[in-house]
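Spelled out, the chains give:
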Amino acid sequence: MAKLVGSLRIRVLLAVAGTLLLGSALAYASVLWVAQDAERRGDAKETLTTARRIAGEVSAGAGDRRLRIWQQVLSDAELLVFRDGSRVFVGGKVPPTAPVFTATSLVHGVRVVIHDGDLEEPTPYVHIAVLVAALLGMVTGAASLVGVLVSRSVRSPLDSAIGAAHRVASGDFSARVGDVGTAEFRQLARAFDGMASRLEKADHEQRRFLADVAHEIATPLNVVTGFAQALCDGSVQTSEQRLEASKAITTQSERLNLLLKDLRLLNRLDLATPLRTERIDVTDLCHALTARFRMAASTAGVTLRTHPSRIKWLSDRRLIETVLDNLTANAIRYTPRGGGIDVRAFRRHEDLVISVRDSGIGIAKQHQDRIFDRLYRTDDARDRTSGGSGLGLAIAQRSAAALGGFIELDSELGKGSEFRLVVPPHAGSAARKEADPTEFAVSTTGDGRETS
């Protein structure tokens, strides 16, 4: 019950219902009272007409016998007849304590007075007007009171919401409305506070990301600047030193180019570029992946095996390759020499799943929730020396989201990791598994040879 009363809608309905009930009761009482007064006025008019008839008959010569008949007709009323100021007839009697209505008529010197104890004096019209005005005032007052109560229940939480909105608009994302007001305002406040929390988190992540980018740029830039300065001022004198400086400048320049390339790609993905759907042969997709990473796997001493199924799929090949390239490069980077990487493609219900599983170092539980954050590292020194920008998994996750899919992760420290790209069928497409469902494998060994 308290929850219902806490609702603004219920409060307004109760207030309106109360006002209508009060107004209806007052209106009914007023109509009843006016109807009774109209009845009294009708009886009074009839009594006055009777007095005029009696006065007319007496002036025409009617005697006591006729007056006694009228007295019997008037029942308990008191009848008084005067001629030229002298009383000529008295009949009936009214109790002295009873309210009395008096009707008087004068015709040709004959005055007839009727005191009727069964009638009351009609209410003057001015009194009726005052009563109607009072009733309208009461109804208006009740409606005004309802308006004030509703306004008070709305004003405070609304002011809080407006104040919090102004603070958020000015950049203070810590502003919160709080649990205030009626049920509807509490829902609004929770939605607003949730939005503000997400904005605060996004702002924090953006600031951290910018700081990380600045750090990532500063490190190779310092190396390039230092060696370039050494080459210019003659600090590097021998050919071996000059070769070392040139290699360092080239390596760090390539690292900067890789970082900028990944930043541009991530920015393009954030802008939600439209999908370029095409019919994809997953077997060909896996062959192309093997070709691209044959040299990298051979250099790292890692065996790369692909196990595609004969699947045709309608989606954006460019985005799928972006995900697989980053997952595969990440697997090669974190898999020790002699290890292996398996890429498999299969159907799961209506979705296409492409799995990249490695026998590498694995990811600790405490890092798995943040592994897709931009520039987040579980092992900074290893990642930097291996040449990664720290944006690969963030790019993979954003590309998967652009496909309408997502990435699943299973990992155990020391036993390797498995990343699974889940791609839903394109809207309106008939993505299907074709021909022979038998899997076949293509592997690249550490020496670069393919086996099937």
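Position numbers for residues start from 1 in each chain and track the written sequence from start to end. Predicted model: local features are reported for residues with pLDDT of at least 70 only, side-chain atom pairs are reported and counted for 80 or more only, and whole-chain, interface and lining totals are derived from all residues. Note that water and hydrogens are dropped before the side-chain values are worked out from all heavy atoms of the structure.

**Q** Even after reading the chapter, I still don't get the packing of helix α8 (residues 317-333) against helix α11 (residues 392-402), so can you show me in this structure?
**A** To describe two helices that pack against each other, one gives the angle between their axes and the distance between the axes. Between α8 and α11, the least distance of the axes is 8 Å, while the angle of their chain directions is 155°. With respect to α11, the axis of α8 lies roughly antiparallel. In this structure, the crossing between α8 and α11 has a hand that is left-handed. Within the contact between the two elements, α8 uses Leu319, Thr322, Val323, Asn326, Leu327 and Asn330 and α11 uses Gly392, Leu393, Ile395, Ala396, Ser399, Ala400 and Ala402. Classifying every residue of the contact of α8 with α11 gives 8 nonpolar, 5 polar and no charged. Note on geometry: axes are lines fitted to C-alpha atoms, helical ones only across the stretch in contact, with angles between N-to-C directions running from 0 to 180 degrees. Helix and strand assignments follow DSSP, with helices taken as H or I runs no shorter than four residues and strands as E runs no shorter than two, numbered in order from the N terminus. With respect to orientation, any angle under 35 degrees is reported as roughly parallel, any angle over 145 as roughly antiparallel, any angle of 65 to 115 as roughly perpendicular, and every other angle as oblique. When the near helix sits turned anticlockwise from the far one by under a right angle, the crossing is termed left-handed; a clockwise turn instead gives a right-handed crossing. Any two residues whose heavy atoms approach within 4.5 Å at even a single point are treated as in contact. All residues other than Ala, Val, Leu, Ile, Met, Phe, Trp, Tyr, Cys, Pro, Asp, Glu, Lys and Arg, Gly among them, are scored as polar; the first ten of these are nonpolar and the last four charged.

**Q** Sorry if this is basic, but what is going on with the packing of aromatic side chains here?
**A** The description of an aromatic ring pair rests on the distance of the ring centres and on the angle between the ring planes. Note on aromatic pairs: the rings of Phe, Tyr and Trp (six-membered ring only in Trp) are paired at centre separations within 6.5 Å, and the planes decide the class, stacked below 30 degrees, edge-to-face beyond 60, tilted for the rest. Under the counting rule described, the total for this entry stands at 0 aromatic pairs. Two limits define a charge over a ring: the Lys NZ or Arg CZ must be within 6 Å of the ring centre, and within 35 degrees of the ring normal. For the cation-ring pair, Arg111 lies above Phe82, with the distance from its terminal atom to the ring centre recorded as 4.6 Å.

**Q** What is the right way to read the side chain of Thr328 from this model?
**A** Examined against the element boundaries, Thr328 turns out to sit in helix α8. Only protein chains enter the accessibility calculation, which uses a 1.4 Å probe; a residue whose area is less than 20% of its type maximum is buried, one above 50% is exposed, and one in between is partly exposed. Thr328 gets classed as buried once you look at its relative accessible area, which sits at 0%.

**Q** How should the pairing of strand β9 (residues 351-358) be read in this particular structure?
**A** Where a strand is regular, its side chains alternate between the two sheet faces. A large share of β9 lies buried, amounting to 6 of its 8 residues. Strands are treated as partners if at least two bridges between them are detected by DSSP. The antiparallel hairpin formed by strand β8 (residues 340-348) and β9 contains 2 residues in its connecting segment, where His349 sits at a positive phi of about 60°.

Just geometry here; none of it tells us what the structure is for.
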